[in-house]
Amino acid sequence: MKRDASSHAHRSLFVVIILAVPSSSAFQFICQQKSGNYACTVSNYRPSLEGTFVFSHVPNDAQSIAFKNLISPPIVGRSLFGNIPSSISTVALHESSSVRTLIVPNATSIRELIIAEPTLSRLLFLPNGTLSKLYILRSSLATIPLTLKNLPKLSVLKLSQSPIEQIAFESFCSLSKLTSLNLKNNLIASLIFQASSPTSQCYASLERVSLSSNKLKHVNMTVFAAMRALEIIDLEYNQIEVVVGRLTNPKITTVILSNNNLFTINLCEWNTMPLINSFSLAVNSLPNIPQCLGRMRRVKFLNFNHNKLTRITIDSFVMLTELRSLHFTSNAIQTVVPASGVNRLASSLRDVFLTNNPLKRESLANVFPPAVRIIN
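Here the structure is a predicted model, which is why all the values come from computation and not from measurement.

1. A closer look at the overall build of the protein chain
Point 1. Assigned secondary structure in the protein chain consists of 2 helices and 26 strands.
Point 2. Overall size of the protein chain, expressed as C-alpha extent along the three principal axes, is 85 × 50 × 30 Å.
Point 3. Relative to its 376 residues, the protein chain shows a buried fraction of 49%.
Point 4. Within the protein chain, contacts between residues at least 6 apart in sequence are counted, and of these 45% link residues at least 24 apart.
Point 5. As displayed, the protein chain offers around 17,300 Å² of accessible surface, 51% of which is attributable to carbon and sulfur atoms.
Point 6. Both charge centroids of the protein chain, one from 35 positive and one from 18 negative side chains, sit 2 Å from each other.

Below, the structure is given as structure tokens:
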């Protein structure tokens, strides 16, 4: 029996439950009111058996629908998406065992698509001017779907827990609205960029790239060169031993290289980074402070925690005019060399963290300005 959701406005829960068989795989349809709108969940839906009647029971003000354990043929496409009411803007599919291919049609009101299907190995998008957020949280995709280029409004893309080993950044070049690219928790070991079009046409809006928790060992920073709006690069929790190439992104504010295997990094190849405010090399194997830190003159936060530093030379930091905190916790620092000549640390410096180092506090006398708090 169809229910009128408006007649239940005083309730916090609108529920239709239909049990096909008395087991854990029984069909269920539940809609719960959240912030004035309904979020629906359809569990164990078998289209060949239940048909499309369930969609006529979706409340008119429902905005999202999640399919849990969709029991269908291995190819899912218009037969599912074509029946979803136009009020629905968010669709999720997860925990199915039979879905191998997903085809997202062009005639759809969906603005946000969430996929967590471990068996999904093929994903196709027909030209679609509506979809703006795509979250692939788990899949068997081994490559980036080529048909992403058919999503001109896509602004947020997350693809994780998939067996992807290489990223060719030109795959995203046509996505002019893309602001966030999250590729965490995959098997990515290689980054390349081979643009067939002028780089000025690529990544007009991309602000953040996250590649943490992958298998990268070697990174050439020139692969990010076309991303002129890029502000944040996150490369944390990889196996990076070597960073080469010039970083030329003019709007970069944050670079995260912590939790890797770096022994050295040549910042002298990088362009001046006037907007960078945070730079982390924590949890690596650096024996020395990198040269040319002055290229990030306005950096406020520098993190060298958990490295293999034995010596700090204050001259390495005197060009950093807005520096606020320095972090050297858990190294092997025995010596801090004062600034030479008329060189001085920035007056903005407030905190220096030196805990868990074989360094005597008296050896720090006259090294840092009196206003600086030394945590040792």
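2. Regarding the nonpolar core
Point 1. Formed by 109 residues in total, the largest nonpolar core has its most connected members in F169, F172, F224, L302, F317, F328 and F368.
Point 2. The residues contacting F169, other than those within four sequence positions of it, are L181, L191, I192, F193, Y203, L211, V223, F224 and M227.

3. Details of the side chain of S280
Point 1. When you line up the elements, S280 lands in strand β20 (residues 278-280).
Point 2. Aside from chain neighbours lying at most four places away, what touches S280 is V255, I256, L257, S258 and N303.

4. Observations concerning the pairing of strand β11 (residues 156-159)
Regular strands place their side chains on alternate faces of the sheet.
Point 1. Sheet analysis places strand β10 (residues 133-138) next to β11, joined by 4 bridges and oriented parallel. For L134, the partnering residue across the bridge sits in β11 and is L157.
Point 2. Where β11 and strand β13 (residues 180-182) come together, 3 bridges link them in parallel fashion. Within β13, the position partnered with L157 by the bridge is L181.

5. What to know about the state of the cysteines
By definition, a disulfide links the sulfur atoms of two cysteine residues through a covalent bond.
Point 1. Counted according to the given criterion, the structure contains 3 disulfides.
Point 2. There is a disulfide in this structure between C31 and C40, and the S-S distance comes to 2.1 Å. Measuring handedness by torsion sign, the sulfur bridge of C31 and C40 sits at about 105 degrees and is right-handed.
Point 3. With a relative accessible area of 1%, C31 lands in the buried category.
Point 4. Judged by its relative accessible area of 2%, C40 falls in the buried class.
Point 5. The residue that forms a disulfide with C268 is C292, at a sulfur-sulfur distance of 1.9 Å.

6. Comments concerning the pairing of strand β2 (residues 28-34)
Point 1. For β2 and strand β3 (residues 37-43), the ladder comprises 7 bridges, and the chain directions are antiparallel. Counted as the bridge partner of F29 is V42 from β3.
Point 2. Counting the residues between successive antiparallel strands, the hairpin from β2 to β3 contains 2 residues, one of them, S35, with a positive phi of roughly 55 degrees.

7. What to know about the pattern of salt bridges
Point 1. This structure, assessed with the given rule, holds 3 salt bridges.
Point 2. A cluster of three or more residues bridged by salt bridges with shared partners is formed by R298, K300 and E322.

8. Focus on the sheet that holds strand β9 (residues 122-125)
Strands in a sheet are paired, the pairing made by backbone hydrogen bonds, and the direction either parallel or antiparallel.
Point 1. Here 3 strands make up an open sheet; going across it, the order is β5-β7-β9 and the pairing parallel. Each having just a single partner strand, β5 (75-76) and β9 make up the two edges of the open sheet.
Point 2. Where strand β7 (residues 101-104) lies against β9, 4 bridges are found, and the strand directions are parallel. Residue pairing in the sheet places L102 in a bridge with L123 of β9.

9. As for the packing of aromatic side chains
Point 1. Under the definition given, this model contains 10 aromatic pairs.
Point 2. By the ring-pair criterion, three or more aromatic residues cluster together here, those being F27, Y45, F53, F55 and F67.

10. Quick look at the confidence of the model for the protein chain
Point 1. Chain-level statistics for the protein chain give a pLDDT mean of 89 and a share of 92% at 70 or above.
Point 2. Low pLDDT, under 50, characterises residues 1-13; the stretch is placed with 20 contacts to residues that sit more than four places away or in other chains.
Point 3. This model gives residues 17-23 a pLDDT under 50, and the stretch forms 13 contacts once residues within four places in sequence are excluded.

11. Let's talk about the environment of F317
Point 1. Mapped onto the fold, F317 is located in the loop between β22 (311-313) and β23 (325-327).
Point 2. A relative accessible area of 0% means that F317 is categorised as buried.
Point 3. Distance from F317 to V299, taken between C-alpha atoms, is 10 Å for residues 18 residues apart in sequence.
Point 4. Aside from chain neighbours lying at most four places away, what touches F317 is I289, L293, L302, F304, I312, L323, L326, F328 and L345.

12. Considerations on unusual backbone geometry
Point 1. Positive phi is not limited to glycine here, since N185 has a value of about 60 degrees.
Point 2. Mapping N185 onto the fold places it in the loop between β13 and β14 (190-192).
Point 3. Judged by its relative accessible area of 41%, N185 falls in the partly exposed class.
Point 4. Although it is not a glycine, S213 sits at a positive phi angle of roughly 60 degrees.

13. Points about the environment of F368
Point 1. Along the polypeptide, F368 turns up in the loop between β25 (351-353) and β26 (373-375).
Point 2. Residues F368 and V336, spaced 32 residues apart in sequence, show a C-alpha to C-alpha distance of 9.9 Å.
Point 3. When sequence neighbours within four positions are dropped, the list of residues in contact with F368 reads I314, V336, L345, L349, V352, L354 and I374.

Conventions and cut-offs
Residues numbered from 1 in each chain as written. Predicted model: local features only at pLDDT ≥ 70, side-chain atom pairs only at ≥ 80, totals over all residues. Heavy atoms only, no water. Helix = DSSP H or I, 4+ residues; strand = E, 2+ residues; numbered from the N terminus. Buried < 20%, exposed > 50% of the residue type's maximum accessible area, 1.4 Å probe, protein only. Contact = heavy atoms within 4.5 Å. Areas by Shrake-Rupley, 256 points an atom, 1.4 Å probe, with all protein chains shown as cover. Lys, Arg positive; Asp, Glu negative; His and termini not counted. Charge placed at Lys NZ, Arg CZ, Asp CG, Glu CD. Core = buried A, V, L, I, M, F, W, Y, C linked by side-chain atoms within 4.5 Å. Pairing = 2+ DSSP bridges. Disulfide = S-S within 2.5 Å. Salt bridge = Lys/Arg side-chain N within 4 Å of Asp/Glu carboxyl O. Phe/Tyr/Trp six-rings, centres within 6.5 Å; stacked < 30°, edge-to-face > 60°. pLDDT = per-residue confidence, 0-100.

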